[in-house]
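Architecture and fold: a report
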Amino acid sequence: MIDYMMELIRFRELAVLKDDVQVVKKGLDFLRYIGDEYMRLEVYNDQYYDGEDFGLQEVRKGLAATLRHEELPIDVVRHVRDEIARIRKMEAYAGYGLLSFDDVDEALSYRLDDPDTYLAGLDKMIRWMGRDYLEMMEGKKSMSLYIPRELGQYLLKKVDYLRMHGRDEEADKVIRDFCHVPDIRSMIINKCLEKGNDEAALAAIDEGIGFYGDDCFNTTAKWHKQKITLLEKKGDVKGIIGEYRCLFCQYLSDKQTYYEKLKSLVPHEEWKAFASDLFDGIRHLTDEECILVCDMIVAEGLDGCLFKLLMKNQNSFNCSDIFSRYAAYLSEEEQGRFIGMVIDRLRGKLGYAKSNRYGYIVRELKVLYDSCAIGQRMISEFVSDIRCCYGRRSALMRYLKDSGL
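Notes on the structure in this doc start here. Just so it is clear, the model here is predicted, and its values are computed rather than measured.

Here the largest pocket is characterised by a volume of approximately 220 Å³. Along its surface, the largest pocket is lined by Asp-102, Asp-105, Glu-106, Ser-109, Tyr-118, Gly-121, Leu-122, Lys-124, Met-125 and Tyr-154. Elements represented by at least two residues in the lining of the largest pocket include exactly α6 (102-112) and α7 (115-129).

In structure tokens:
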């Protein structure tokens, strides 16, 4: 299915040129091509692939967006409706669920149906996608920003459509009912900013962040950044520092940028204590983030923060490798606690591990053995236990011998 990329590139080129009729034609051709090739090559037998692997989601979204353009002739829209009905019956889509056509269906209804029919279709999608949100509001589920992105998009479409038809009261009710859906919350904030009502915008931002709690991911990052802009206008340095601190501590955030911002804002005499608290405030991180922050900690001479951070990364497959990079900065007690934690985990794995996992286990033992003197002693003792308990596992013994343990 290598050739699909050339077709996808052509679709993108037409979209940039805003040639709506050709975009629609190429989009339909692309859906047919992928559907045919998917079945001809029996791609469904390879679990590695799904619709996202062939650019189908991109084409579906581009096709749906183009169909909503009022400039696109209505007879072309009707043609698309008929062709999509045929395409969705292809075995790749009907039998293997290669792609959902929800976006396209919504766009077709937007152009072809009367307001009540179109809104009924939107409401059906909103009810289905909004189940988690409604249960959350009723207290049946914990608050979370992991609400389907599509829910917010459908709500915005409904609000815009209602306003376009002069049904402002209904639009306002949608906003009230779903005011904590992120896209709706952002719309509320942006409306306040457009009116120049900074205090109302700040209140809306705080309500949005406060409702969910400051999530460990960076989902609320845009709200923090908007708040920083407003606080800069007020000259509230303390508040700005607080917002950058939240951004730094979030998962998958641009920690280097926020760290530099904080260092430029916090008074020099307060920095060490602030930085120590900052590093302790991180809850979740990737391996890349862990290494970045550990380097920051070492550069600041705040070695006491290292162990806590390394322990927060203990579930990573690479936690031992990262530990070995910074073992020299830890106390012997901290080295022993970390290595003991890993040994306990490996001891459990050895109880059920198959021979194809021995290489990974022995490699991790070797990394810990080479990390520090405490590692040499603890791993040597553990290897002795392994030889005593699992001496009959010839493959495991061979891996230990080859590693030099």
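This next bit is on the environment of Gly-97. Along the polypeptide, Gly-97 turns up in the loop between α5 (91-94) and α6. Classification of Gly-97 as exposed rests on a relative accessible area of 56%. Taking the C-alpha atoms as reference points, Gly-97 and Leu-202, 105 residues apart in sequence, are found 44 Å from one another.

Bringing the side chain of Ser-320 into the picture now. Structurally, Ser-320 can be placed in helix α19 (residues 319-326). Here Glu-364 takes part through its side chain, which lies 2.7 Å from a polar atom of the side chain of Ser-320. Those residues in contact with Ser-320 that sit more than four places away from it in its chain are Val-342, Glu-364, Val-367 and Leu-368.

What follows deals with the nonpolar core. Among the nonpolar cores identified, the biggest contains 71 residues, and Phe-248, Phe-279, Ile-339 and Leu-365 are the most heavily contacted of them. Among the elements that take part in this core, helix α20 (residues 332-350) stands out by supplying seven residues, more than any other. Beyond its immediate sequence surroundings of up to four residues, Leu-365 is in contact with Leu-346, Ile-379, Phe-382, Ile-386, Leu-400 and Leu-405. With 34 residues, the next largest nonpolar core counts Val-23, Phe-30, Leu-67 and Val-77 among its residues.

So, how was this worked out
- Residues numbered from 1 in each chain as written.
- Predicted model: local features only at pLDDT ≥ 70, side-chain atom pairs only at ≥ 80, totals over all residues.
- Heavy atoms only, no water.
- 1 Å grid on protein atoms, 1.4 Å probe; cavity = no way out; pocket = protein on both sides within 12 Å on 5 of 7 lines; lining within 4 Å.
- Points joined across faces, edges and corners; volume = space filled by probe spheres on them.
- Helix = DSSP H or I, 4+ residues; strand = E, 2+ residues; numbered from the N terminus.
- Buried < 20%, exposed > 50% of the residue type's maximum accessible area, 1.4 Å probe, protein only.
- Polar contact = N/O pair within 3.5 Å; in protein donor to acceptor, adjacent residues only side chain to side chain.
- Contact = heavy atoms within 4.5 Å.
- Core = buried A, V, L, I, M, F, W, Y, C linked by side-chain atoms within 4.5 Å.

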